[in-house]
Amino acid sequence: MSIIIRGARLIDPITQLDQVTDVHIKGHCIETIGDLTGINAATEIDAKGMILCPSFVDLHTCLRDLNQVQKGTIASETQAAASAGFTHLCPSPDTQPCSDAGSVISMIKSKVAAAGFCNLLPVAALTKDLKGTQLSNMESLSRAGCIGFSNAGYDISDNTVLLRCYEYAATFGLKVFVQAQDHQLGRGQMHAGPTATRMGLDGIPVIAETLSISRHLQFMQHTGVSGHFNQLTSAAGVALIRQAKAQGMNITADVGIAHLCFTDTAIEGYSSQYHVQPPLREESDRKALLAGIKDGTLDAICSAHQPHESAAKCAPFAATASGMATYDMLVPLIQGLVDSGDLTWTLAIQALSSNSTTIALRKTTMLTVGEDANLTLIDPSHLWTLNASSQLSHGTNQALNHQNLKARVRLTIKSGRISYSM
Amino acid sequence: MTNLANLQLTESGELRHFLTPEGLDRLMLERILDTADSFVVVGNQEVKKVPLLRGRTVVNLFFENSTRTRSTFELAAKRLSADVLTLDIKTSATSKGESLLDTLQNLRAMHSDMFVVRHGDSGAAHFIASQVTPDVAIINAGDGRHAHPTQAMLDMLTIRRHKGQFEPLSVAIVGDILHSRVARDQIHALKTLGCSDIRLVGPNTLMPRAIESMGVTTHNNMDSGIAGVDVVIMLRLQTERMESAFLPSAGEYFRLYGLTTERLVQAKPDAIVMHPGPINRGIEIESAVADGPQSMILNQVGYGIALRMAVMSMAMSGQMQQRQAQAQANNPPSLIRKPRS
């Protein structure tokens, strides 16, 4: 397959490339970068005004399927991921059945491969059935292609078990992913602040996050495990990560797109679309998360995509399922942050692609000649409306449903093949 | 919160649901109190009925246990001549797996005109009014920790009837603020009606985070908290709070925050004492105070029926106006007359 993308703004934070030029993709590799006047290809794309960058890698997503097809299928959600510019996905292990066995991982892998939209980099369960009592077969799961281990949103209350998890992971040099929220303090429905107080909803204090981060940092420090924190939410949490990195700890962290863009006040009027876990916090936290992306404390932005059927969100707030379907909104949300001056596309690409690739694949991918052609083409000025006919995710829990949005992915290329085009 | 006001009012500004005093203006709250005042008289008449809701169907939907609130709502609806259906939800379809949504849609299909809803989840009444049955008037009879607007407004009625204007008053609300849906609505109503000195008294374990953002002051010390106040509102302390580590013991709580005759001296000599009930004698209030001359506890119960009659009649009237407006919008009268044959 031969593709030429003409006149795009090429951004690669690793090579510090930021140039308007042409790119020729041949086979699965980048063949040429530069003026391609006079050269033709089977597929040619006029990309003036658009951004071409290394494709995105999602460090935290939920693909549903297996036993939750009412919420989304692997085919629908990986297609939605491709439409958001992702070529590689690290799904959370809280699948049904749980991703704690090679058979489950291979079933998910084969479904993802059959759909053909993305590559799978699974994060497996740290303990069997995520129950926090027995270790999963980490080494075998690693051989089966799992890039890390997490207990998702489930608690390992026994410190002895948690220590064994870290010790065993350290034995084989495995990465541990952490969703940092203390189980007991995290039983509420939203951030513990003025909005929760006025609405009479149970609050989750910031200490639920900081206590858990501190606990896991101690285990990481003690065992030397390389850890990654998913979905930070608070200024205090960012400060803890910054401090640990300054001490030379081998850790990384990400933030969900929703936490970069929304705050707890969005829940006014009991809007269940903003019911997410961990919870949306206050504006000062959101600003601290953005500052964390800018100064490198937070390495990556993840989708934290969690599709739901409409009934899951149609109940009194406390009875609704937490989670937001974010794939269809991700690029417009980033564009919103760029337009408001909170982010640049270069920083966003570094967080969505360069750094997340390094964390998940332990290597870098670059927009250079000879590299695998995993690329995303974004039209930052495209105007469109998010609705049932324009969205690809099966999740109806789209916070910006029926809103006019700006920016959209025009093309996603996975190993030289077009996995999504608009 | 304009969305709450919009949800509760018709396009012409009449009450159509009553979910919380939050978002309603002073004029509306005073109209509710004035209407309730007029119904207080009805309770004293030999024939205690008025025909305002004749032919209308009111369904009491209590997803949580309640004796007092449920019976006063039932009585209020009957005094307004409504047909009243009270559903015991525990034995109804929801216990067989039917969702709240489906239960309500079924009741709506029976041409109910008003739902009086008590539910354990904050925002449940709001959800029903906005998502499920916008054309049925919803009266919130308590949702989670969020709101209990008729209780809060009957407390306002009690204060107004015994203290007059709200502006000069100092009001202390004492006890389990954290779990109290009444306290939140009392704060909204007192603020809107002009009261500027609202004090919350209790230990930090029972004080919601950032509650000061609602325009109140917090006090850990009972004596200084009620010093010089005109109104002391005591909240019920549920005994399970001790089991879930909010408090060490009922004895220590009573010693620190119980309202005794001795402690009441700190308030103004003519201060009134209120309690939403049911009271725990010897835990949050001493019997001598509960039964004493400054106690308004039984007056509150009587005013409760009048207040509920007021909001039910107002919301039903608003809802009927809204329905008529919508019907007219859907079927505008024809301007062309058919020629006579």
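Residues numbered from 1 in each chain as written. Chains lettered and ligands numbered in written order. Predicted model: local features only at pLDDT ≥ 70, side-chain atom pairs only at ≥ 80, totals over all residues.

### A look at the overall build of chain A
Applied cut-off: We count a stretch as a helix when DSSP gives it H or I for four or more residues in a row; a strand needs E for two or more, and each element gets its number in order from the N terminus. Taken over C-alpha atoms, the radius of gyration is set against a globule rule of 2.2 Å times the number of residues to the power 0.38. Counting other C-beta atoms within 10 Å of a residue's own tells you its class, since 20 or more makes it buried, 12 or fewer makes it exposed, and anything in between is partly exposed; those C-beta atoms are placed from the backbone. Throughout, a pair of residues is in contact if the C-beta atoms placed from their backbones lie within 7 Å.
Of the regular secondary structure elements, chain A holds twelve helices and 19 strands. By the compact-globule yardstick of 22 Å for 422 residues, chain A fits well, its C-alpha radius of gyration being 21 Å. Buried residues in chain A amount to 57% of all 422 residues. Contacts spanning at least 24 positions in sequence make up 74% of the contacts within chain A whose residues lie at least 6 apart.

### As for the overall build of chain B
From N to C terminus, chain B includes 13 helices and nine strands. Its C-alpha radius of gyration of 21 Å places chain B within 12% of the 20 Å reference for a compact globule of 341 residues. In terms of principal-axis extent, the alpha carbons of chain B reach across some 90 × 45 × 45 Å. The proportion of buried residues among the 341 residues of chain B is 47%.

### Side note on the interface of chain B and chain A
To be explicit about the condition: When residues are sorted by character, Ala, Val, Leu, Ile, Met, Phe, Trp, Tyr, Cys and Pro go into the nonpolar class, Asp, Glu, Lys and Arg into the charged class, and all the rest, Gly among them, into the polar class.
Residue-level contacts link 25 residues of chain B with 18 residues of chain A. At the level of elements, helix H1 (2-8), helix H4 (100-109), helix H5 (124-132) and helix H7 (181-192) of chain B are the ones that each hand at least two residues to the side of chain B that touches chain A. Per-element accounting of the side of chain B that touches chain A gives the leading share, four residues, to H5(B). Of the residues that constitute the side of chain B that touches chain A, the class distribution is eleven nonpolar, nine polar and five charged.

### Quick look at the domain arrangement of chain B
All names here are of chain B. Convention followed: Note that the domain bounds were set by an automatic or database domain assignment.
Looking at chain B, the domain boundaries give domain 1 (2-148 + 301-330) and domain 2 (149-299). Of note, the centres of domain 1 and domain 2, computed from C-alpha atoms alone, are 26 Å apart. Taken together, the 30 residues of domain 1 in the interface contact 23 residues of domain 2. Looking at the side of domain 1 that touches domain 2, the elements with two or more residues in it are helix H2 (26-44), strand E4 (137-143) and helix H13 (297-330). Of the residues forming the side of domain 1 that touches domain 2, the biggest block, seven residues, is contributed by H13.

### Examining the sheet that holds strand E8 (residues 119-120) of chain A
As a general point, the strands of a sheet are linked pairwise by backbone hydrogen bonds and lie either parallel or antiparallel. Residues and elements named next belong to chain A. The condition that has to hold: Criterion used throughout: strands pair if DSSP finds at least two bridges between them.
If you trace the three strands from one edge of the open sheet to the other, you get E6-E7-E8, paired in parallel fashion. The open sheet has two free edges, formed respectively by strand E6 (56-61) and E8, since each of these has just one partner strand. Both E6 and strand E7 (residues 86-91) contribute to a ladder of four bridges, which runs parallel. When the sheet's bridge partners are listed, Thr-61 is paired in E7 with Pro-91.

### With respect to the pairing of E4(B)
Residue and element names in this part refer to chain B. We count it as follows: Looking down the strands as they point away from the viewer, one classifies a crossover as right-handed if the path from the first strand across the helix to the second runs clockwise.
Counting buried positions along E4 yields seven of seven residues, so the element is predominantly enclosed. Note that strand E3 (residues 114-119) and E4 share five bridges and pair parallel. Along E4, the bridge assignment pairs His-119 with Asp-143. Remark: the E3/H5/E4 crossover connection has right-handed handedness.

### Some thoughts on the domain arrangement of chain A
All names here are of chain A. Assigned domains of chain A: these are domain 1 (2-51 + 370-421) and domain 2 (55-361). Contacts between the two partners involve 30 residues from domain 1 and, on the opposite side, 39 residues from domain 2. The set of elements that each furnish at least two residues to the side of domain 1 that touches domain 2 consists of strand E17 (375-385), strand E18 (404-414) and strand E19 (417-421). Here the side of domain 1 that touches domain 2 takes seven residues from E18, the largest share from any one element. Taken together, the residues of the side of domain 1 that touches domain 2 break down into 15 nonpolar, eleven polar and four charged.

### A word on the environment of Asp342(A)
Assignment of secondary structure puts Asp342(A) in the loop between helix H11 (330-339) and helix H12 (345-361). Remark: the alpha-carbon pair of Asp342(A) and Lys287(A), spanning 55 residues in sequence, is separated by 8.5 Å.

### Notes on H11(A)
Because an α-helix packs 3.6 residues into every turn, residues spaced three or four apart end up facing the same way. Residue and element names in this part refer to chain A. Most of H11 is tucked away, with seven of its ten residues classed as buried. Considered for burial, the residues of H11 that qualify are Leu-330, Val-331, Pro-332, Leu-333, Ile-334, Gln-335 and Leu-337. The elements touched by buried residues of H11 are helix H8 (257-261), H12, E17 and E18. Of the residues one or two after H11, Gly-341 is the one with positive phi, at around 80 degrees.

### Some remarks on the sheet that holds strand E15 (residues 251-256) of chain A
All names here are of chain A. Let me state the cut-off plainly: Axis definition: a line fitted to C-alpha atoms, over the contacting stretch in the case of helices. Angles run 0 to 180 degrees between N-to-C directions.
Strand order in the open sheet made by the six strands is E9-E10-E11-E14-E15-E16, with parallel pairing throughout. Edge positions in the sheet fall to strand E9 (123-125) and strand E16 (300-302), since each has one partner strand and no second. Recorded for the sheet is a direction-independent mean angle of 30 degrees between the axes of neighbouring strands.

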